[in-house]
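Listed below, chain by chain, are the residues.
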Amino acid sequence: QNLINTVYEGQTDNLPPTLNTQIVDVNNADVLKSFTGLSSNEKIDSAVVSEPMIGSQAYSFVLVKVKDDANADEVAKEMSENVDTRKWICVEAEKLYATSVDNLAVLVMASDEWATPVYNKLKEVLGTHNEEYVKENSNNFSQGLDAEVY
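Residues numbered from 1 in each chain as written. Predicted model: local features only at pLDDT ≥ 70, side-chain atom pairs only at ≥ 80, totals over all residues. Heavy atoms only, no water.

Visitor: A description of the overall build of the protein chain should follow, citing residues and the corresponding values.
Guide: Broken down by element type, the protein chain carries 4 helices and 6 strands. Ordered by position from the N terminus, the helices and strands of the protein chain form the series α-β-α-β-β-α-β-β-α-β. Rg of the C-alpha trace for the protein chain: 16 Å, near the compact-globule value of 15 Å for 150 residues, within the 12% margin. When its C-alpha atoms are laid out on the principal axes, the protein chain stretches across 55 × 35 × 25 Å. (Helix = DSSP H or I, 4+ residues; strand = E, 2+ residues; numbered from the N terminus. Rg over C-alpha atoms; globule rule 2.2 N^0.38 Å.)

This is the structure:
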């Protein structure tokens with residue numbers, strides 16, 4: 001939680017309102033998958049997430065501490081590939097960033113206006129990091145608007 005607070009310092013203009021930072025119950029498979037995209041906790045020691053208390057704002061900042069014998073970069077990659085960027089009602093994260101350093105896998109996903117500044121500040125705080133995984137979603141909501149409505 002201290003790392004999240006450090007990243008948030010000076011970022012109030014780049015964050016959604018009403019953020020709540022909480023410890024994730026890594027023993028609850030459904031909760032773990034919802035926040036991280038991970039289907040197993042066998043490599044996970046602990047996890048912390050920061051998300052808005054209002055569910056229609058696409059923003060999630062996740063820190064996962066891996067066990068000593070686990071590879072944090074592999075976990076970051078798995079999170080980037082499997083987390084649901086549409087887990088919120090009516091909104092989707094347009095930008096997803098994941099990376100790792102030492103025993104920590106990190107994921108930030110949100111609109112570009114929130115995700116990019118937070119991720120850049122995170123990299124500044126971490127100093128060095130491993131491979132970066134980036135995903136962009138450019139949903140065109142006009143695609144189904146021509147369908148007939150019954």
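Visitor: Explain helix α4 (residues 112-126) to me, using residue names and the numbers behind them.
Guide: For an α-helix the count is 3.6 residues per turn, leaving residues at separations of three or four pointing the same way. Helix length check: α4, at 15 residues, gives a terminal C-alpha distance of 21 Å against a target of 21 Å (1.5 Å per residue), a fit within 8%. For α4, the complete set of buried residues consists of W114, A115, V118, Y119, K121, L122 and L126. The buried residues of α4 occupy one face: seen down the axis, they fall within an arc of 165 degrees. The outward face of α4, more than 90 degrees from its buried face, is lined by the exposed residues E113 and E124. On its buried side, α4 packs onto α1 (2-8), β3 (59-66), β4 (95-101) and β5 (104-110). Just beyond α4, the residue with positive phi is G127, at close to 80 degrees. (Expected span 1.5 Å × (residues − 1). Buried < 20%, exposed > 50% of the residue type's maximum accessible area, 1.4 Å probe, protein only. Arc of directions from axis to C-beta. Contact = heavy atoms within 4.5 Å.)

Visitor: Outline the side chain of T36, listing residues and values.
Guide: Mapping T36 onto the fold places it in helix α2 (residues 29-36). A distance of 2.6 Å separates a polar side-chain atom of T36 from the backbone oxygen of L32. In this structure the side chain of T36 is engaged in a polar contact, spanning 3.0 Å, whose partner is the backbone nitrogen of L38. For T36, the residues in contact, after removing those within four places along its chain, are V62, V64, M79 and V83. (Polar contact = N/O pair within 3.5 Å; in protein donor to acceptor, adjacent residues only side chain to side chain.)

Just distances and angles here, no functional claims.
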